[in-house]
Structure formats: structure tokens, C-alpha cells
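Each chain, letter by letter, is given below.
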Amino acid sequence: MERVSRPAWLTLAVVSVAVFMVAMEVTIIALALPRIRAALAGTTPASLSWVVNAYSIVVAALLLLSGWLADRYGRKRVFRTGLALFALGSVAAGASTSIGMLIGARVLQAVGGSMQYPAGLALLFDAFPRSRHQTAIGAWGAMGGLAAAVGPALGAVLIEAFGWRAVFYVNVPVALAALVIGARVLPETVPPPARFRSAHGPLGPAGAPAARVDLIGVPLASVGVGAIILGIVQGEAWGWTAAATVACFAAGALLVAAFAWRSRHHPAPLFDLRLLRIRSFVLGNLGSLFFAIGFFALLVPLPTFIQEVWGWSALETGLAYSVGPLVSFLVAPQAGRLADRIGNASLLTAGSACGMAGLLWLVATVSTEASLARLLVATVLVGVSAGTGFSQLVGAALRDIPPERFAMATAGRTTFFQLSVAFAIAIAFAMIGQPDGAAAQLAAYNTVWTVCAGGYLCNLVLFAFIYPRRRHHGEAATCPSGP
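As the structure is a computational prediction, the values presented were derived from the model and not from experiment.

## Overview of the overall build of the protein chain
Then, number 1: Summing up its helical and strand segments, the protein chain has 18 helices and zero strands in all.
Then, number 2: Looking at the protein chain residue by residue over its 483 residues, the buried ones come to 54%.
Then, number 3: If you take every contact in the protein chain between residues at least 6 apart in sequence, the share linking residues at least 24 apart comes to 84%.
Then, number 4: With an accessible surface of roughly 19,400 Å², the protein chain has 69% of that area assigned to carbon and sulfur atoms.

This is the structure:
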């Protein structure tokens with residue numbers, strides 16, 4: 001196995017600090033929402049929801065563009081620009097004097113966040129030898145798990161000591177430190193060619209000059225994905241058959257279809273559809289959908305069950321809730337190192353089995369009477385599934401991607417993952433509904449947990465029997481040249 005250089009470890013440190021900051025922001029902001037509503041005059045529940053939703057929608061809408069920018073203009077440049085924008089958005093959010101200003105600041109944060117994901121992972125892949133990519137992804141993913149574990153507790157301390165604005169200001173020194181250190185340690189990347197070559201020749205016409213990005217495809221992709229996400233996150237509030245919801249889905253589907261047509265025929269597409277000919281990329285993304293159904297449909301509604309049915313306080317819930325992410329943080333680096341030896345599929349199979357066991361344990365044992373021991377068994381098993389899920393799914397999807405397309409493929413994969421997460425959460429809350437009484441709530445949650453177990457079962461079958469075990473270095477090269 002190839003040796004990893006010191007600059008590669010430094011690159012991992014900078015990129016991991018950035019992902020920790022962004023992931024922690026997602027986990028701690030929920031705790032600040034009640035204080036924000038009390039502090040900013042005219043804040044309604046609907047407008048407050050946009051403090052969260054605006055970030056998710058904008059990130060998903062801009063990932064493809066950010067991935068293209070990173071591949072075209074340099075990963076280090078795009079990553080550091082994202083850090084600067086995220087820091088600026090955090091300052092604006094902390095200084096907000098109205099709910100409109102706060103939502104606008106969250107949009108700016110989202111622009112910065114969308115630039116960090118594809119560029120950051122591409123920087124890791126550039127810095128580490130291919131045989132050690134899974135080690136790097138495992139450590140990178142572990143930081144997201146750590147953020148989820150410490151975020152609620154840290155957020156509570158910050159809010160109690162300094163007020164709700166502290167959950168935004170805390171990002172600023174972290175982002176600035178990563179920005180300064182990154183200028184020195186991140187590898188310089190030069191704009192790659194507009195095509196990548198293979199044993200079968202270039203994917204574009206031989207000798208053709210670098211074409212400009214498809215300017216029509218940019219709004220088609222961004223607005224289309226944004227419209228679908230908007231319909232998913234607002235479907236419960238608007239009504240799933242309401243005109244606004246149906247219009248969002250219809251407009252999103254038409255725009256994404258038009259984007260696919262443009263990508264098929266444009267010489268410099270925002271997303272190269274020939275990446276979909278890579279079997280491991282497609283199946284890895286399908287696994288992300290099943291994982292989102294298994295994990296996020298459990299993760300997001302569970303605190304509501306604990307507080308409303310069991311009557312636990314927010315602090316008690318947060319402490320019990322942090323065990324799963326902490327297990328994920330401990331498992332992910334070890335899983336990454338092991339994946340470099342045995343591949344992703346075996347780990348994803350085992351992790352899916354753990355997740356399914358945790359969900360079935362909840363269905364079989366949890367009642368309306370509080371039980372920390374029963375909860376911990378499930379959260380530990382699901383934590384193992386997360387530790388062998390998040391990072392390994394990234395590795396499984398990107399395993400056979402040509403280096404020139406790392407950022408583009410990462411952006412496409414993350415966009416699909418964002419859609420999958422939004423879909424899973426929306427489905428969970430739709431199934432829960434508004435049950436009357438503890439027994440009815442338990443029955444509704446049992447239905448959700450059964451569906452979650454089904455998501456893990458699908459992933460188990462996918463990675464045990466369908467996902468290709470052998471790496472195909474030339475798989476992308478078999479795509480015929482030209483549109």
C-alpha cells in the first residue's frame with residue numbers, strides 16, 4: 001500500500017475542519033430557532049422554517065455548478081472561496097436584525113457550503129494515492145459524525161452563555177483559520193482539460209479547444225433541483241396535492257429533463273451524463289437513496305418521539321441522541337482504512353445489517369414507557385451503520401471516476417444525496433402525520449421504523465449481490481466519444 005505524504009495529511013486536516021464546521025452548523029441551528037423567533041420581531045413559524053430550508057435548497061441547487069467550477073478553475077481556489085463566503089454569511093447571520101436578513105445570510109452561507117463539498121473531496125483525492133482514498137474519506141466522514149455528536153451540546157452551551165447569535169459567530173474563526181492555513185498547505189490545482197482521455201481516445205473531439213460551460217444548463221439544473229427540493233420540504237405544510245406543491249414537482253421535472261437534454265448535446269456540460277455509464281457510480285448513488293430512507297427517516301423524527309411520548313427534556317434527549325453520532329465518529333476512520341484493503345461493498349453490507357437490526361429492535365422492544373437501555377441498543381447499531389455508511393457510500397460511488405471528473409462526480413453524487421435526504425424526511429413526517437395520543441404515536445413511528453429497516457435491507461441486497469466488487473479502471477473509458 002502506498003505511503004501517504006505529509007502534505008496529504010495536512011490537506012485532510014484542513015478539509016475535515018471545514019466539513020466539521022458546516023456539519024455542526026446544521027446540527028446546532030435547530031436549538032437556536034426558539035430564541036431567534038423571540039428575538040426577531042415579526043418572525044412566524046413559516047418564516048422560521050426558511051432559516052433551515054433556504055440553506056438546504058440553495059446547497060442542493062448549486063452543487064453541480066460548484067463541481068464544474070472546481071474542475072474548470074481549480075479545486076483550491078473554489079474551496080477557499082467557499083470558506084470565505086461561508087464566513088461572511090456567518091457574520092451576516094449573527095448580525096441579523098430581521099428574519100429576512102437572517103434568511104439572506106443563510107443563503108450566502110449555503111453558496112459557500114456548496115462550493116466546499118465537491119472541491120474539498122476532490123482536493124483529498126488529488127492529495128492521496130488512489131489506494132488510500134478510502135482512508136481519507138473515512139477520516140473526512142468521521143468529522144461529520146463528530147459534529148453531529150458534539151453539535152447539540154456545544155450549541156446549548158453557546159446559546160445559554162452568549163445567545164443565539166453565537167451559533168453563527170462560532171464559525172468565523174474556524175473558517176478564517178482554515179482559509180489561512182489552506183493557502184499554505186492545500187495543493188495547487190490547474191484547470192484540467194475540457195475532456196479526459198482514455199485508452200479509447202478523448203471523450204470530446206480530438207484537438208478541440210476548451211468549450212465554455214453550458215450557460216443555459218446552469219439555470220436549468222439549479223432551478224430544477226431547487227424546485228424539487230422546495231416541493232419536498234414544503235409539501236407537508238402546503239399539502240401534497242396542493243397546486244403549489246404539484247407545480248414545484250412539475251417544473252422541477254421539466255427543467256431537469258431539459259438539463260439532461262442540454263448535457264447530452266453540449267460540448268462542455270455542467271454534468272457529463274457519460275458518468276452514468278459507470279456502474280459503480282450509479283449503484284453507489286442508488287445505495288445513497290436506500291441509506292437516506294433507512295437513516296434520516298429515523299434520525300430527524302426520533303427526538304420528537306422521545307420528547308412527546310417519553311416526556312424527556314431537550315437536554316436529556318440531546319445527551320442520549322449523541323451516542324449514535326459518537327459511535328459513527330469512532331467507526332468511520334477504521335472503516336476507511338479497512339475499505340482500502342477489502343473494498344466498500346463488504347463494509348456497506350455489514351453496516352446495512354447493523355442498521356436493519358437497530359430498526360427492528362426499536363419496532364420489537366420500544367413502548368410508550370421510556371427506556372434508555374432499549375434506545376441505546378438501537379442508536380449504537382444505527383451509529384455503526386452510519387460509520388460504515390456515509391463515507392463508504394462516497395467511496396463506492398466515486399471508486400471508478402477518472403481523476404479529471406472528481407469534483408463533477410462528487411457534485412452530482414451530493415446533489416442526489418441531498419434530494420434523497422429531503423425525500424426520506426418528508427416521507428417519514430407524512431407517515432407520522434398528527435396521531436392523537438401516545439399509543440397512536442407509537443404505532444405511527446413503528447410504521448416509519450419498519451420502512452427504515454426496509455431501506456437498509458435494500459442496501460444489504462444491493463452491496464452483497466449487485467455492486468461490482470472489482471475495480472474497473474477503464475470503465476469510464478468505454479463510453480463512446482462525442483454526444
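## Description of the nonpolar core
Then, number 1: Formed by 80 residues in total, the largest nonpolar core has its most connected members in I36, F79 and F281.
Then, number 2: Setting aside anything within four residues of it in sequence, one finds F79 in contact with V14, V15, A18, M115, Q116, A119, G120, L123 and L186.
Then, number 3: Core analysis: the next-biggest nonpolar cluster, separate from the first, contains 44 residues, A320, L348, L359 and C452 among them.

## Looking at helix α16 (residues 390–398)
Then, number 1: Among the nine residues in α16, eight count as buried, and that is most of the element.
Then, number 2: Those residues of α16 lying buried are S391, Q392, L393, V394, G395, A396, A397 and L398.

## Examining the pattern of salt bridges
Then, number 1: Following the criterion strictly, the structure yields five salt bridges and no others.
Then, number 2: We note a salt bridge from R399 to D400, for which the minimum N-O separation is 3.2 Å.
Then, number 3: The exposure class of D400 is buried, given its relative accessible area of 4%.
Then, number 4: Shared partners join several salt bridges into a network, and the residues in it are D71, R75 and D126.

## Section: a nonpolar patch on the surface
Then, number 1: A cluster of nonpolar side chains, namely F423, I427, M431 and V451, defines an oily patch on the protein surface of about 280 Å² accessible area.
Then, number 2: For the nonpolar patch, the leading source of residues is helix α17 (residues 406–432), giving three residues.
Then, number 3: In this fold, I427 is placed in helix α17.

## A look at the packing of helix α8 (residues 217–238) against helix α9 (residues 243–265)
Then, number 1: At a minimum axis separation of 7 Å, α8 and α9 run at an interaxial angle of 155 degrees. Comparing the axis directions of α8 and α9 gives the class roughly antiparallel. The element α8 and its partner α9 pack so that their crossing is left-handed.
Then, number 2: A per-class count over the contact of α8 with α9 returns 17 nonpolar, six polar and one charged.

## Let's talk about the packing of aromatic side chains
Then, number 1: Throughout the structure, instances matching the rule amount to 19 aromatic pairs.
Then, number 2: Plain terms: the ring middles of F291 and Y456 are 6.2 Å apart, the flat faces sit at 85 degrees to each other, and that makes the pair edge-to-face. Here F291, found in helix α10 (residues 279–299), pairs with Y456, found in helix α18 (residues 438–466); they are 165 residues apart in sequence, far enough to count as distant. By the burial criterion, F291 is buried, and Y456 matches it.
Then, number 3: On the numbers, 5.3 Å between centres and 45 degrees between planes, the contact of F463 with Y467 is tilted.
Then, number 4: Here the aromatic residues F291, F295, F296, F390, F417 and Y456 are joined through ring pairs into a cluster of three or more.
Then, number 5: Cation over ring: R72 sits above Y73, and NZ or CZ is 5.2 Å from the ring centre.

The rules behind each value
- Residues numbered from 1 in each chain as written.
- Predicted model: local features only at pLDDT ≥ 70, side-chain atom pairs only at ≥ 80, totals over all residues.
- Heavy atoms only, no water.
- Helix = DSSP H or I, 4+ residues; strand = E, 2+ residues; numbered from the N terminus.
- Buried < 20%, exposed > 50% of the residue type's maximum accessible area, 1.4 Å probe, protein only.
- Contact = heavy atoms within 4.5 Å.
- Areas by Shrake-Rupley, 256 points an atom, 1.4 Å probe, with all protein chains shown as cover.
- Core = buried A, V, L, I, M, F, W, Y, C linked by side-chain atoms within 4.5 Å.
- Salt bridge = Lys/Arg side-chain N within 4 Å of Asp/Glu carboxyl O.
- Patch = residues over 30% accessible without salt bridge, like charges linked within 9 Å, V, L, I, M, F, W, Y side chains within 5 Å.
- Axes fitted to C-alpha atoms, helices over the stretch in contact; angles between N-to-C directions.
- Parallel < 35°, antiparallel > 145°, perpendicular 65-115°, else oblique.
- Left-handed = near helix turned anticlockwise from the far one by under 90°.
- Nonpolar A, V, L, I, M, F, W, Y, C, P; charged D, E, K, R; others polar.
- Phe/Tyr/Trp six-rings, centres within 6.5 Å; stacked < 30°, edge-to-face > 60°.
- Lys NZ or Arg CZ within 6 Å of the ring centre and 35° of its normal.

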